[in-house]
Every structure is written in C-alpha cells, then in structure tokens.
Amino acid sequence: MAQSYIMTIDDASSIINYHPQGDGGLGDQTQNGWQPFYDAAGGFSVRGGEAALGNSKHITAFPNASLDFEFYGNAVSLFGIANCTYDVSVDGNSTSFKATKHGQSTMLFSKDGLSEGTHTVSLTAQASNTSSFAFQRADVSRSVAAGGHFPSPHVYQATNTSFIQYSGNWSLLTDPLIPSQQHPAPYFEVEDAPASFSFSFQGVGVAINGSRIWGSYVYEVSLDGQPATYNASTMWFIGDALLYYQDGLDPNATHSITVSPTVGEGLKFWLNTVTVFTDDPSEAGGLVTSPSSTTQSALPTSGARASSEHAKTNVGVIVGPVIGGVVLLALIATLFWYFRRKRQSPVVYDREQPSPFVSVSAIQPVTFTPRDTKAPILSSDEDYSQPHVPTLPMIPSPSSAPSESARSISDSPLLQAPLSATTSRSHLPSPPQNVSSPTTMNADSPAVSSPSDPNVAVDRIIQLIAERMATQPADAPPPEYGA
C-alpha cells in the first residue's frame, strides 16, 4: 500500500508570497493586506522585534488579498479560518468556496491525485472589515511506493564550515531564541555586503532554515544555476523559519546551492541550519565528498619513522641536542599546520528537526484537529481567550510600560552592545544601523539611541518605518515594512 510523505509549510515561511503585502508594519494592518498574528505574543506586533511566540496565522481584511507558492508533489491541503468566500487555484484550475465554519480553524482546501511534479497554488480571499480571513499552514505531500524509502533528513548547523562555504564577513553569534527557546544553538549572521554562502550535496530534497527578524530583506537562492528570489522582511523576531525548500531532485546527481542575501546599510541575514533529504538512510547526509580517514593516520606514521631514523643517528653530545631541537620544532609546526588544515567530518546537529516537519502515514481520508479553536479577531462574538506559553510574559500593549522580560527591538540580545574582546566571534552584535532601504539610506542619520531608553527606541522605530514607506527600491521587492 502506498504511503504519503508530508511536509508542512507554515504561514511564517518566506516561501509563501503574500499580496499586496505580508507584513504591513506595527498594529492591525489587515485592511492594507496580510498581517502576522501570534497568539502567545499579544497578537499583532506593537513595537517591532517582539518574540514570535505561540501559534501563528496571517490575517487579512483586504478585498482580494491573495497568496501563492510552488511545491513538488501530488497533493496539497490548506488550513486557516474563513469568514468570507475565497478561491483556490492549482495550476490555473480555480474553485470557489464559501465560509462554512465562521471563526473556526478548519481545512480550507485539499487536492490529491495530481501528477507528481511542480505545482503552483494560489488563494484569493474576498475579505472585508466585517469578514476577515486567516491562513495558517499548507501540507504538501507525495507518494512513496510500498517498500520504498522515505526521505531521510540530515540536518547541518550553520557552524559546519566543512559543508557550508561562506563568502563575506559572517559572524558566529548566539541568542536564547535562535533557533528556538527550547533548543538554542549558534548561528551565522552577516550585515556587510557582499556576502553569500554555498554548498553541494546529493539527495532528493533540501531545506534552508534561518531567522526572520526586523531588518531582514530579500535574498536569492540559486539551485543548479536556476535563481529564485524570496522576501524575509518582517516586524517580528522569528527565531527559526523555513527560508527555502525543494523536493523531487535527482538523487544520483550532484546539486549546488548558492544563497546571496541583500545586506548592508542596516539589512542583515541569519542562517541556522541546512537540511539535506536522501532516499537512503545510510548515506552520509548527502555529502558529495567526505574527509579521508587515511590522511588522519599519515602524520603519526611519518612521525614514528622520523623518530626511529633520528634515534639511530649518533652525532655527538653537542650536535645531537641541536638537531633534536630542530626536529622537535619542525614536528610541532607540522602538527599545528595539520590540525589547522584538516577538514573535520560534518556533524549532524542533534536537536529537534527544524521546519519543515516530516511525518509519514498511509494514504487515507484526511482528518483535521484544529490547532486554534477560536480566531481572536475574526468574529466579534467569539471568546478571545488564546493558549499562552506558561513561562513567557505577554507583550504589553502600547498603553502599558514595557516589562524587562518582554522582547523588543531595543532590548533583544541581538541588538545589545557587543561583549568584551575576550569573547572573540561569540559576541553579540552591536546595535543596528538605519534599516531603511538602500535607496533611502541617510549616511548622516544619528545612531540608534541607547536600549535603556524605550521611548526614544519607539520613536526611532516609527521614524524608520516612515522612511521605509516613503519610497520603494526599483530593483527589488518591497521590504514589507509598509508597502
């Protein structure tokens, strides 16, 4: 019996393209497009840089707001909350739907039996001020024949420089929310142009995960010479998001990926992990080549032979110690060079698998248990209570003073002053520069005020957002800080 291999793409992934915008700025911007909503972080972003906690959804009250994405497989399901009519199109074949469960999370659309390949899905919501629409996630799948192998994920952390080759001035950093509060790990960040990273692999699929934080911008991913551009802009602090995913690759071919982010003048890019999917669990994570074990044993063998030859040489009481010292220095220099140059075997990061999350099941009628039973802003007569993370505080509203524990653009560890020089490359970054787009950057703009003054920080954020909304770069998509 055939089984299905399912991948989940949630609404926070930059694979999803939102129109007219996916993040309009601070507060409720649903009348202007789509707006991210996190139920355990107070709902909409009110200050910028809040930690994206809890279940997420993109909500809109904009007429004819739409989203689209591509996937490889033979089935797709969409989930969300529909208080209005909407249309879903797969490869140009459109179907209309009416709101059937007002204010409740449900399966919006499901289509199977597609030919296995690349498909395009789009959704258009006939939303309004009184009839909102929310998108939560997409499940895409493909069949695996009976007795076949399910794709095996091999996760490599960004610090694995034997697998990932960096170009530019990248910094190794840490933050308690990256990639998640439960499993923090080191990551790489870059803020100076030009910058890129690349890797080669053999496998059936690949995923790239990174942070989406206030200051992210567009980036280009080139797979085997075929480029695609994505937008990671957001007002939130999303510790781990799916930045890229491709399935259906030739497992016998060598594939190459190069990622070139738009950085500089306050724009940054964050990389957490790379996941390679193979159809054989015994493969070494899809690596094209691995370090040779024979190299590791060559140096001790050579050293033993040299020691034996010198032990047989009788050069006198004075000359012997001199030559012995020279040999010892040469051996130390050789060992130092060897351990600096040898390539260590890549280490698969032992933590919970990042998004997309893999699950397998026999193909059968789909049943869905809603993750959110209420939509907090979609119905005026609904119970607005939402589940919260017990150990984390709510983000205060604009009318209340920010608490010391609440994350914001001014008090995130990512935006504090660096640690002392003794911490080397594990230091935290300095406060960000002006994050306006390159076409509106003012070199004479004052630096961001001290994080200890939240009022000044909020004023600075509003000023930066206004600058973003003033113009749009002609050579790149809008940064989604206001369109």
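If you're wondering where the values come from, they're calculated on a predicted model, not measured in any experiment. (Residues numbered from 1 in each chain as written. Predicted model: local features only at pLDDT ≥ 70, side-chain atom pairs only at ≥ 80, totals over all residues. Heavy atoms only, no water.)

### Some remarks on the pairing of strand β17 (residues 205-213)
A large share of β17 lies buried, amounting to 9 of its 9 residues. Pairing geometry for β17 and strand β23 (residues 273-278), over 5 bridges, is antiparallel. Bridge pairing links alanine 207 to threonine 275 in β23. In this structure, β17 lies alongside strand β20 (residues 237-246), joined through 7 bridges in antiparallel fashion. (Buried < 20%, exposed > 50% of the residue type's maximum accessible area, 1.4 Å probe, protein only. Helix = DSSP H or I, 4+ residues; strand = E, 2+ residues; numbered from the N terminus. Pairing = 2+ DSSP bridges.)

### Section: the nonpolar core
Formed by 35 residues in total, the largest nonpolar core has its most connected members in Phe69, Leu78, Leu123 and Phe133. Contributions of two or more residues to this core are made by β1 (3-10), β5 (63-73), β6 (75-82), β7 (86-90), β9 (105-111), β10 (117-126), β11 (133-144) and β20. Here this core gets 5 residues from one element, more than from any other, and that element is β11. For leucine 123, the residues in contact, after removing those within four places along its chain, are Ala65, Ser66, Leu67, Leu78, Tyr86, Asp87, Val88, Leu108 and Phe133. In terms of nonpolar packing, the next biggest core, distinct from the first, is built from 28 residues, Leu223, Leu243, Val259 and Val276 among them. (Core = buried A, V, L, I, M, F, W, Y, C linked by side-chain atoms within 4.5 Å. Contact = heavy atoms within 4.5 Å.)

### So, the sheet that holds β20
With antiparallel pairing, the 4 strands of this open sheet are ordered in space as β12-β23-β17-β20. Of all strands in the sheet, those with a lone pairing partner are β12 (152-157) and β20, marking the two edges. When strand polarity is set aside, the average angle formed by the axes of neighbouring strands in this sheet is 25°. Across 6 bridges, β12 lies against β23 in antiparallel orientation. Paired with valine 155 across the bridge in β23 is threonine 275. (Axes fitted to C-alpha atoms, helices over the stretch in contact; angles between N-to-C directions.)

### Considerations on the packing of aromatic side chains
Considering all chains together, one arrives at 21 aromatic pairs under this definition. Judged by centre distance (6.2 Å) and plane angle (45°), the ring pair of tyrosine 166 and phenylalanine 197 falls under tilted. Of this pair, tyrosine 166 sits in strand β13 (residues 165-167) while phenylalanine 197 sits in strand β16 (residues 196-201), placing them 31 residues apart in sequence. Residue phenylalanine 197 is classed as buried on the basis of its relative accessible area, which comes to 1%. Looking at arginine 137, its charged tip hangs above the ring of phenylalanine 79, at a distance of 3.9 Å from the centre. (Phe/Tyr/Trp six-rings, centres within 6.5 Å; stacked < 30°, edge-to-face > 60°. Lys NZ or Arg CZ within 6 Å of the ring centre and 35° of its normal.)

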